Each structure stands twice: as C-alpha cells, then as structure tokens.
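Structure assessment
So you can see what is in the structure, the chains are spelled out below.
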Protein chains: 2
Amino acid sequence: MARARPLTRSEQDYLKALFSLGGLEQSVTVSALATRLAVSAPSVTNMLSRLAASGLVRHAPRAGARLTASGAKQALLILRRHRILETFLVRVLGLDWSEVHEDAEVLEHAVSDRVLDALDRLIEHPREDPHGHPIPDPRGRLARRSLSPLAALPSGASGTVREIRDRDRGRMARWKQAGLVPGARVRMRAVQPIDDVFELDVNGHTMVTGSEGLDGVLVERSRERSHGRRA
Amino acid sequence: MARARPLTRSEQDYLKALFSLGGLEQSVTVSALATRLAVSAPSVTNMLSRLAASGLVRHAPRAGARLTASGAKQALLILRRHRILETFLVRVLGLDWSEVHEDAEVLEHAVSDRVLDALDRLIEHPREDPHGHPIPDPRGRLARRSLSPLAALPSGASGTVREIRDRDRGRMARWKQAGLVPGARVRMRAVQPIDDVFELDVNGHTMVTGSEGLDGVLVERSRERSHGRRA
DNA sequence: CTCCTGAGTTAGTCTAGGCTAATTAGCGTC
DNA sequence: GACGCTAATTAGCCTAGACTAACTCAGGAG
C-alpha cells in the first residue's frame, strides 16, 4: 500500500496497458499484458506483484490482474498526458495524427506537470484528442460514451465516426486518406457477412472494405432517419 | 570504438557535463564531473571507461577525461536539443526563462528528431536560446564568440549582455528583475575591488552588487565611445 | 479419475547505473 | 627519501527491470 516514490516509467506503462486492455472492471491475463508490452510472462508476473504491493493493482495468482481505484486513477492521469501531447503534436506542431503515437508514448513520461499544463492551455483544454478519444480531466475522470464498432453498423444505418483505436499506422493512414476520421459521417450501404465485404459511404464517397480491423473505428449511431433494420 | 546502440540518458548527461566543464580542448577531473552530476567518484570512473570504450572520450587514468571529436559532436547535438527546447518553453509556452532549465534537461532525452525539428521550425530556427547562448547547428557546430564576464568590465566601460550562465535559479530571477538579461546594455560606473562592490547601469537603472556569481553574466564589450581606461 | 497441455510462477542470470569501503598513486613537505 | 594528503581506482554490493529454463497447477479430453 505504501507508495511514496513516483511511478517509474515501466510501472506507468503497465498501468496504462492494464487500463487499455481491461478498463476499470475487467481483469487482464498475464499473457495479454506480456503481448501488449512486448515483454516475457515472468516480467509481467514480477511487475504485477510489485504493483500489487503498492496497492495499484489486485493480483490473484493465476487469475489475471485488475486495477485498484488508485491504480485506475494513475492510469487515467497518464492517459490524459498522452492525449494532451498527441493533440499538441498534431495541432501545434503539425505532425500527422496517424504517426504521433510513439512520440507521445515517450513524452508522456518526461513532461512535467508545469509543461503539461502549459501545453493544455496552449491547445485550449480540448475534450478530445486527434483520434477522437476523450481526454480525462485533471482529476482522472473520463467522459463515458456509448459507441459501436463500425463493422457492427447494420446496412442502411448511419453514424458519425468518434474514435479511431487502431494501433496499425499504415491502416490508420489509409483510413485517414479515405476520410475515415473522427467527425466523419458514414452510412453503411451494404454488408455481405459471408464474403466479409462492407460497402460504406464516407462523407459522400463510397468505400469497399473487408472487416479487417474495422472494429477499431467506433461510431455513434444516428437516431434520425433510421430506415435500416434496427431492433 | 564500436558504438552501435544509441546513447543512454546517463551517457548523454556525462558527455554534456564534459563539454560544459571542459569544452572541446580541456580535460576534466573525475571529481569535477562527480560534483556536477551529483554522483560518486567511482560512478564517474566507471562511466568514463565505458565512454572511452565507445570512443567518445579519452580517459588517461588519474589524469581526467576529454571528449574526442565524436564525443564532442554528440555533446553539441544534445546541447542543441536542450537550447531549442528552452527556447520553445519560453517563447511558445510562456514559461519563465529562469525556470525552464530542469524541464529542458529531461525533455532533451525524450524528444524525437521529428518532434525536435518541428519545434525548431515552430520557433523559426533561432540562433540563440533565451539565456543568450548560441544554439549549435544541426551538424553540431557552435558559433564562437568572445565574451567577458561582467565583473571583468573596467569602470567606465560598457557592453551588451550576451549570455547568462548561472545555474542558481533565484539569482537568475533577481537578475532578470533588474533587467540583466541577454541584449541589455550595461555600463560599469565604478568598481571597488577591495569592498567587492560593483556599481553599474543596466538599461538606464543603477544597480549595486557584489561580485558573487557576476562572472555568470557574459558581456560583449563595446568599442565605441570607450572613455574608460582600456589597455 | 487420470493425464496432458498451456498459462503462470519460481529460480536464477544479466545489464545499466548507481553506491560504500578499501586500496593505490602522485605530489608536496619536511 | 619517507610521510601524509587527496584524488582516483578497484572491489563488491544494490535496485529496476528485463531474460531463459524449469516447475506447477487447473481445466478439458478421454
């Protein structure tokens, strides 16, 4: 429970991964963490017990790990730094939103609170980062939204892209080129589940694609003019 | 001589300290480095031999260490990052120039080349940082200037402040308040070496001070209207 | 009910980069 | 020329955080 010293870089990375894989409730397996962080399973077990000793995670042997309230708060504060940095990198430095992730990943551990606040002020306290992800507030609270994967949109339904979650830079760049960015209006023209082919309108243009990674695109369903087969 | 992997953070810090204490020519003692970096002497010996093995410093046992050409280049490139960051922190984020050093110290190791270039572009490729220090060019070349410590100015002589080198934040803040910043015009009204009292005009205002730390203020002597007792 | 399999843990090693304590090498003094 | 001071080096240890190899346990197949 005693956690006097500040979190090390690795500790922060584990907390972030834990949050991103399991959120606030779900528990995450050792192997999922190992894959995500590109480390071996023993490294994970080892770090988890240390984090458990500081009261940041709960770790039942052979049953995965889950963030405690205090761990979740830390994770959200790191996420906040990450997203503020990404927004800065894109909006002020003009870097490409499909490529800033790695930079933010490093800087989030290096930037002092003073500099972070100044950056946040400079970009005028945005609520969302360039991928459309909501930015936690300074106390670590995150706006909840109910979004669905683009691939789950029934044919005929339409919505607005809200988040891009993919980790594949190439794919993100392609999507960006196709106009599939946060804020874009999309309509599912046709779904052929057998062939795994999706035909959709993106801001007027038609796009045909397989489902590969399409669940990394989250949309907000539109209520109006719902002439699709909704339940 | 073999140096495949990128420099670690500590290695970079040692190179920077070596440059700042001994420049390109002079050799630096182990204890000076230990003091500057706030580590023990054995740690310094240890790191020096590693740097020597990578061909970045020359280290004769019990005779101090000196940068090699390649070490000097690395040091200057790090200095470049540091100074670009300080300039960004002051000019864009509006932080106080007497307080940005620590932040730059951390960020210089974290910022990618891509982000550094973008920052440099944003601040329009300055030649000097907010303390007046020249910024090395992208190939690690530093403009040479001939400046003298303010305390060495004979009475009657005047000049322009070019650099503030102090590491004491409080003192820097005081100087800043008194107008003793890069670009300020100063004239030495009177020097009383016995009492260690200096009386000077700074941008019109008169300032009386002891020599304490005054050699951290570097001025460029004016040639014109030299009615002081110059040699 | 036993056995196999695979996920997870334990044990032991490595590297970077610190540390303290003990030793050595010069250098100045007498 | 011996003495002692201080700077530097050596020796040995520590922590964070990784790794591999070897062991263990729980859950599904038979």
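The rules behind the values
Residues numbered from 1 in each chain as written. Chains lettered and ligands numbered in written order. Predicted model: local features only at pLDDT ≥ 70, side-chain atom pairs only at ≥ 80, totals over all residues. Heavy atoms only, no water. Near = heavy atom within 4 Å. Polar contact = N/O pair within 3.5 Å; in protein donor to acceptor, adjacent residues only side chain to side chain. Helix = DSSP H or I, 4+ residues; strand = E, 2+ residues; numbered from the N terminus. Core = buried A, V, L, I, M, F, W, Y, C linked by side-chain atoms within 4.5 Å. Buried < 20%, exposed > 50% of the residue type's maximum accessible area, 1.4 Å probe, protein only. Contact = heavy atoms within 4.5 Å. Domains from an automatic or database assignment. Nonpolar A, V, L, I, M, F, W, Y, C, P; charged D, E, K, R; others polar. Pairing = 2+ DSSP bridges.

1. Regarding the protein's contact with DNA strand C
Around DNA strand C, 20 residues are found, and the nearest of them are Thr8, Ser10, Ser40, Ser43 and Arg50 of chain B. Of what DNA strand C places within 4 Å of the protein, 78% of the atoms are sugar or phosphate. Interatomic distance of 3.3 Å between a side-chain N/O atom of arginine 62 of chain B and a base oxygen of DNA strand C. Going through the elements one at a time, helix H2 (30-37) and helix H3 (41-53) of chain A together with helix H1 (9-22) and helix H3 (41-53) of chain B are the ones with two or more residues in the surface near DNA strand C. Ranked by the residues each element gives to the surface near DNA strand C, the list is headed by H3 of chain B, at 4 residues.

2. Focus: the nonpolar core
If you look at soluble globular proteins, the nonpolar side chains tend to sit buried side by side. The biggest cluster of nonpolar side chains holds 74 residues, and the ones touching the most others in it are Leu150 and Leu180 of chain A together with Leu150 and Leu180 of chain B. Apart from residues no more than four positions distant in its own chain, leucine 150 of chain B is found in contact with Leu180, Val186, Met188, Leu200, Leu214, Val217 and Val219 of chain B.

3. With respect to the domain arrangement of chain A
Per the domain assignment, the segments of chain A are domain 1 (9-67) and domain 2 (148-221). The C-alpha-based centres of domain 1 of chain A and domain 2 of chain A are spaced at 31 Å.

4. Some words on the protein's contact with DNA strand D
In the region of DNA strand D, 20 residues are neighbours, and Thr8, Ser40, Ser43 and Arg50 of chain A together with Thr45 of chain B sit closest. With respect to DNA strand D, the side chain of arginine 62 of chain A contributes an N or O atom lying 3.4 Å from a base oxygen. Within the backbone of arginine 62 of chain B, an N or O atom sits 3.1 Å from a phosphate oxygen of DNA strand D. At the level of secondary structure, the elements contributing two or more residues to the surface near DNA strand D comprise helix H1 (9-22) and H3 of chain A together with helix H2 (30-37) and H3 of chain B. Classifying every residue of the surface near DNA strand D gives 9 nonpolar, 8 polar and 3 charged.

5. Quick look at the sheet that holds strand S3 (residues 148-149) of chain B
All names here are of chain B. Here 6 strands make up an open sheet; going across it, the order is S3-S8-S4-S5-S6-S7 and the pairing antiparallel. Two strands in the sheet have a free side with no partner beyond their single neighbour: S3 and strand S7 (205-209). Judged from the 6 bridges that link them, strand S5 (residues 185-192) and strand S6 (residues 197-202) form a sheet pairing that is antiparallel. Along S6, the bridge assignment pairs alanine 190 with glutamate 199.

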